[in-house]
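Commentary on secondary and tertiary structure
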Amino acid sequence: MIAACKRALRADPLLAAAFFVLAAATVTPIWIGRYLPLLDLPNHLAAIAVWHEYADPRFDFSKYYTLNLAALPYWAHYYGCHLLAYVFGVEGANRVFLTLYALALPTGALLVARRFGRSPLLSLFAFPLVWSFNLAEGFIAFVAGMAMVLFGLVLADRHAERPGLGSALWLVLLGSSIYFFHLLDYMLFLVCAGLLVFTQPEPFKIRKLLARGLPVLACTAVGLWAFLRRSALGFADLSGAPRFNWDSLSETLTHAPERLLNVLSSSRDEWVVLVLGAAWLLLALTAARSRDPERPPWSLCELGIEACFLATLAAALLLPRSMLRPFNWYMINGRFVPMAALLGVLLLRGPILGWRRWLLFPVVAAGLFYAGSLARMVVRFNRHVAGFDQIVQEIPLHASTLTLVFPPLDDPQVNVNCYNEWAAYTQIRRGGYDAYNFDYGFPLVYRRYKPAPPASHPEWLNIDREGRAWDYFLTHNETGDHELFAPLAQAGRVRLVDQRGRWKLWQRIEPTKAAAPK
Amino acid sequence: MHFRAARVRALVARDPLLVFAFALLWAASLAPIWAPRLLPLLDLPNHLAAVAIWHRFGDPAWGYSHFYRLNRLPLPYWGYLLPMSLLAHVAPIEIANKLVLSLYALALPVGAALLARQMGRSHWLALFAFPLVFNASFQFGFVTFCIGLAVLPFALWALDRFLQAPSRGRAVALGLMTLALYFSHVLPWLFFGVAAAVLLGCHGFRPRRIALAAGLMLPSVAVAAWGFSAAARGATAVQSGPLHFSAKFIPLLDAIRQVPTSLVAGWPSSGGASWVVLLLGLCWLALVLTAEDDEREPAPAGFAYRLELIAALGALAALLLPVHLYRPVDLWNIGQRFVAVAALFFALLPRGALTERRRLILLPVIAIALLYPLSLTHHWRAFNERAQAVRRLCEKIPRGKSTLTLIYGDGTDPDVDTQAVPYLMFHAYPQLWSGGFDAWGLQTGFPMVRIPDRALPAPIWKHPEKFDFDTQGCAWDYLLTKGEISDGAILGRGESDRVTLVGHDGDFRLYRVKSPHVPEP
C-alpha cells in the first residue's frame, strides 16, 4: 500500500506537492501549542497516563485504581500511546498518534481513490476533514479508526478482486484491528467490506463468494468473541435492555452540517465547507464535458464506493443519536457525517486533467486556510490557559487535588466545552485521584471513590461533606458569581496558595479524613 | 395562435412522455391546493383580505371604506392582486386564489423546463421543480414571492434568448417578463437584476446587443424607482426619510442548517418531507455523477457555465442575505426564501441527455413528485377539518361588522409544518368573509392604507394575553377566539354580561359584543 501511495504521488508532482504542503499544515495545530482544546482529550490522556505510570510510586495511581487490560475497543489508541510514551511521554505520544491519524486519513483517501479508479487528486479534500467535529469532541480512537477503515476497504476490494492467502491474511489482520479502535468504525468496516464482496463480477457464484467473503467473515470473529465474553471483559455495566435517543430525519439533516467541521466558533470552518462543496460540484459538473464518449457505460460491479457511501449515509441518518442504557454512549449517528462526506467526494469518476486541475486550487487554499485558522485558535487557546502549568507545579506529589471548573466551560475560540474534563490534566501532572475520569472500567478501574460534586456543578461543593477528602482545590473561572472559596478563606477553612490567570490554587487547612469506601 | 398550437403539438409529438409526466404531476400538485378549502399557508389570509378590500371597496356594505383608503401605487404585489381582482369578478375570492396558485404550480416547472433547454440541459430536469412548488415560502403564504419565483425562470429564459439572437418578439418578451417580475415581488426582481448582469457578459462582447437588453429591462427599474419614491412619502412598507439599511443576519452555520427544512413544506408527525428532500437529493446526485455532454446536440451558444453562475448567486443569496430586513423595507425571512430559488437552479445543473438508463433515475423523482403532494393533501385536509370551524362561526357574523380574533396557544396545527404556524393570521378571515376592520392585517400600504384614527384598539399582535375588554374588546362588534380554556375565559369579572356567546365550534368561540363603542383614549 505504501508503494501504491508512493506511485500515485510520484506520478503527479503537483499532487505530491499539494499533499505534502497540506499534510504539514494539517499537523501544525497538533504541535503548535501544549494544550489542544478537544473535549474528551484530557480524560483519554489520563487513562493513558494511569496505564503508563501505574507502577511509578510518584503518582500513586495504584493506590486509587486497578488496571483492566482486557481486549476492548480503544486499545489501539491507549496501548499505542502507552508504547510511544516510553519515548515521547504521555502527551507527546498522543501528539504522535494524532499526527499519524492526520496523515493516515488523506493517505487512506488517496489509496481508496486509486483502488476504485478515482482521481488521486480527490484525496486533497480529506485534509480539512482530519479536523472534523469528531476530533473537536476528542473522539480520537474513533477518528483514527475511520482512517483505518479506508485502508481496510482497499484491502477488502483488492482481495475481492483477486482472492489469495496473503491478501486474506492482511484483510483479517487489519479488519480485526479496527475493533481495537472503536466499535462504530468496526461495524462500519464490516458492513462496507461485506458490500464490497458483492460489488464484484459474478457476485453470487458460490466459490467466488466464499473466497471473497470468508476473510470478511473472519474479521467478525474478534467482535463475536468480545460479545460472547462481554460480562468478563469488564467494560461498564452491560445489563438491561438498551435505550436509545432517536432524532427525526428532519433533525438529523438539520444537525448534519454542524457535525462536519464546525471546530471553530467563527464562521471560518463553514466557509471552508462551502468552498470545498463548490469545488467538488464544479469538478462534477465539468466532468460531463470531459468524459470519453467511447467508454462503455458503468456496470453494477463498479459501484463499490457508491455502496460504501450509501451505507455510511444510512448510518449517519438512521442510527440513533445516542444510547442511554446499558451505558451512556454520546453521539452515534453524527459521527458518520465526515466519513459520508469523504466517501461522497470519492464518488466522482474520471480523471481530473487539464484546466480542471485548477479547480483543486480552492481545495488546497481552503485546506491551508482552515489549518492556519486552527493553528491560530490553538495558540490563542494556550494563551487563555496560561498559568496552569506553573500553578499545578505548586501541588506536592501524593497530595489529592480536586479541580473545579466553573462556567463557561468553553473557550471563545472553539465550539466544544474544552474545560469540561480539565481535571484530568492535574492528575496527569501531579498524579493521584481524579473524580471525573471515564468510569467505563477500561483501562482504569476505580478502587474507591472520593466524594466530589458533579463536574457540571462545582458550586455544589460542600467543604464539610466532600471537601474533607481533598488537600488542594484548583479552580478555573472562580470569579464574580462563582466565588466559592473566598468566603471559606475568610472562615479559615482554606488558604489561597497562588493565583495565575484564571486559575486559583487553594489548600485546605483541616486535616484530611479517609476517603469513603467504594 | 395557430403558430403556438403547432408548437405545442410539435412538443407533444417530440416527447409525449414528458408532456404526460408534466400533466400527471401538475394534476397531483393541484390536489393540496383544491382538496382543502382552507389552506394552512401562514400569510395567505392576509393576502385574501387585501384582495377583498380592493375588490369590494366600492360596496359600503362591507365596511372597508370606513377604515381604509385605496392606494394603488406601482408597487410589487400587483402581479398577484390584479389577476385576483379580475378573477374575483367571475369566481369567489378563495376560488380565484386557487386558480392563481394552480397556474403558479404549472408555471414554475414549465419555466424551469424552458430555462433548462435554453441552457443546454434536459427539460426532464424540470420534474424536480414540482415538489418545489410547495417550498417554504409557499407554506409561509408568501404567494406574491412564489409568483415571482415562477416568473423568474421565464425572465432569465427571455433574457438569454434575446442575448443569443435578438428579435422583436424576444425583446417584447424580455420587457414584459421583467415588468411582471417586478410587479410580483421585489426579491426575485432584485435577484434577476444581479443574474442579468452576469448573463449580459455571457454571450460575448456585443455592446449594442447588451445595451439593447439592458434598455429593455430599464422600464421595470424606472417603475420601481417611481413606486419606491412615491411609497416612501406615504404610509407604506417603505420606510420614509433618508435611505437607511437595517437588518438582522444569522450565522452562516444556521443558514446552512435551515436548507433542508426550507425546500418543501412538511408535517410534524413524521419525517415525510425530509425523506422527500433526501431522496430527491440522492437522485440529483446520481444525475450529476452520471452526467455526460450529449454529443448529438450542438453545444448551446454562450458561456457554457452561466447556469452554474446563476445557481451560485442563488446559493449566496440563501446563505448570506438577512433573516429580517427592517429598513428601507420591512421584509421577513429573506435568505430562507432563496433556498428554493437556489434549489431550482441547482436542479437544472446536471448535463447531458436523460436517455436510456439515466432516465431511470427520474423514476423515483416522478414517484416522489406524485406521492408528496398527495401526502400533503392528506394532512392539509385534516387541518381543513379543524379550521372549518372558523368558517362556520364567521357565517354568523353580519356583513360589515368588525371582528377581533384572539389566537391563544402557539398557533400550530398537528398536521401542518411547525414552521408555518397556520392559525397565526386567521384574524384576516373574518375580514375576508364579513368585512370590517382587522387589527393586524397587511400594512404594506398596498393596495390599501388605514385611515388614521379609525383603527380599532387591539392588543399587540401575537400577545392575546394583553387583551382588555374595557379598552379594546368593547370597540369591536364580534370577538373570535381560539384556544380559550372555557367560555368567557378572556373576559374579566363582570364583563361576561356585556357579550353574548354566539357559538362554540371546535377550538373556536364567537362572541357578540352587546353595545360596541370605541372607548376614550
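All values reported here derive from a predicted model rather than from experimental measurement. (Residues numbered from 1 in each chain as written. Chains lettered and ligands numbered in written order. Predicted model: local features only at pLDDT ≥ 70, side-chain atom pairs only at ≥ 80, totals over all residues.)

What follows concerns the overall build of chain B. Helix and strand content of chain B: 19 helices and 9 strands. Expected size for 521 residues packed as a compact globule is a radius of gyration near 24 Å; at 24 Å, chain B falls within 12% of this value. Here chain B holds 521 residues, and 49% of them are scored as buried. Partitioning the intrachain contacts of chain B with sequence separation of at least 6 by distance along the chain shows that 78% fall at a separation of at least 24. (Helix = DSSP H or I, 4+ residues; strand = E, 2+ residues; numbered from the N terminus. Rg over C-alpha atoms; globule rule 2.2 N^0.38 Å. Buried ≥ 20, exposed ≤ 12 C-beta atoms within 10 Å, placed from the backbone. Contact = placed C-beta atoms within 7 Å.)

Residues and elements named next belong to chain B. Where helix α14 (residues 272-289) contacts helix α18 (residues 362-394), the axes come no closer than 10 Å and their chain directions differ by 165 degrees. Classified by the angle between their axes, α14 and α18 sit roughly antiparallel to one another. The way α14 lies across α18 gives a crossing that is left-handed. Here Gly-272, Val-276, Leu-279, Leu-280 and Cys-283 of α14 come into contact with α18, specifically with Pro-364, Val-365, Ile-368, Tyr-372 and Ser-375. Its residues assigned to classes, the contact of α14 with α18 comprises 8 nonpolar, 2 polar and no charged. (Axes fitted to C-alpha atoms, helices over the stretch in contact; angles between N-to-C directions. Parallel < 35°, antiparallel > 145°, perpendicular 65-115°, else oblique. Left-handed = near helix turned anticlockwise from the far one by under 90°. Nonpolar A, V, L, I, M, F, W, Y, C, P; charged D, E, K, R; others polar.)

Below, the discussion takes up the packing of helix α8 (residues 140-161) of chain A against helix α10 (residues 183-198) of chain A. Residue and element names in this part refer to chain A. Close contact between α8 and α10 brings their axes to 9 Å; oriented N to C, the two are set at 20 degrees. When the axis of α8 is compared with that of α10, the two are roughly parallel. Our pair here, α8 against α10, has a crossing hand that is right-handed. Contacts from Phe-142, Gly-145, Met-146, Met-148, Val-149, Gly-152, Leu-153, Ala-156, Asp-157 and Ala-160 of α8 reach α10 at Leu-184, Asp-185, Leu-188, Phe-189, Cys-192, Ala-193, Leu-196 and Val-197.

In this structure, Pro-326 of chain A follows Arg-325 of chain A across a cis peptide bond, with omega equal to 5 degrees. For Pro-326 of chain A, the position within the fold is in the loop between β3 (322-325) and α16 (337-345). Geometrically, the link from Phe-442 of chain A to Pro-443 of chain A is a cis peptide bond, its omega value of -10 degrees lying close to zero. Of note, Asn-333 of chain B is a non-glycine position whose phi angle comes to about 60 degrees, a positive value. Within the fold, Asn-333 of chain B resides in the loop between β4 (331-332) and α16 (334-347). We note that Asp-453 of chain B has phi near 75 degrees; this positive angle belongs to a residue other than glycine. Here Asp-453 of chain B lies in the loop between β6 (448-450) and β7 (478-482).

Another aspect to go through is the domain arrangement of chain A. Residues and elements named next belong to chain A. Domain boundaries in chain A define domain 1 (2-31 + 68-234 + 250-289 + 303-379) and domain 2 (388-508). On a C-alpha basis, the centres of domain 1 and domain 2 stand 37 Å from each other. Listed by partner, the interface residues are 16 residues for domain 1 and 11 residues for domain 2. Counted by class, the side of domain 1 that touches domain 2 contains 11 nonpolar, 4 polar and 1 charged residues. (Domains from an automatic or database assignment.)

Residue and element names in this part refer to chain A. Here 4 strands make up an open sheet; going across it, the order is β4-β6-β8-β7 and the pairing mixed. Strands at the two margins of the open sheet, each flanked by one partner only, are β4 (401-405) and β7 (494-500). When the angles between neighbouring strand axes are averaged without regard to direction, this sheet yields 20 degrees. One ladder, built from 5 bridges, connects β4 with strand β6 (residues 472-476); its direction is parallel. Among the inter-strand pairings, Leu-404 is bridged to a residue of β6, identified as Thr-475. (Pairing = 2+ DSSP bridges.)

Each strand in a sheet pairs with another by means of backbone hydrogen bonds, the pair being arranged parallel or else antiparallel. Residue and element names in this part refer to chain B. Ordered by their spatial adjacency, 4 strands build an open sheet running β5-β7-β9-β8, and the pairing between neighbours is mixed. Both outer strands of the open sheet, β5 (403-407) and β8 (499-505), are each paired with one neighbouring strand and no more. In this sheet, adjacent strand axes meet at a mean angle of 20 degrees when their direction is disregarded. Where β7 lies against strand β9 (residues 508-513), 5 bridges are found, and the strand directions are antiparallel. Looking at β9, one finds that Leu-480 is bridged to Leu-510.

All names here are of chain A. End to end, helix α9 (residues 165-177) covers 18 Å across 13 residues, agreeing with the expected 18 Å (1.5 Å per residue, within 8%). What α9 keeps buried is the set Leu-171, Val-172, Leu-174, Gly-175 and Ser-176. If you follow the buried residues of α9, they end up packed against α8, α10 and α11 (206-228). (Expected span 1.5 Å × (residues − 1).)

On to the pairing of strand β3 (residues 324-327) of chain B. Two faces, one strand: in a regular strand the side chains alternate between the faces of the sheet. All names here are of chain B. Pairing between strand β2 (residues 246-248) and β3: 3 bridges, direction antiparallel. Residue pairing for β3: Ala-247 is matched across the bridge by Leu-325. Looking at chain direction, β3 and β4 are connected through 2 bridges and run antiparallel. Bridging from a neighbouring strand, His-324 pairs with Trp-332 of β4. In this structure, the hairpin formed by β3 and β4 is closed by a connection of 3 residues.

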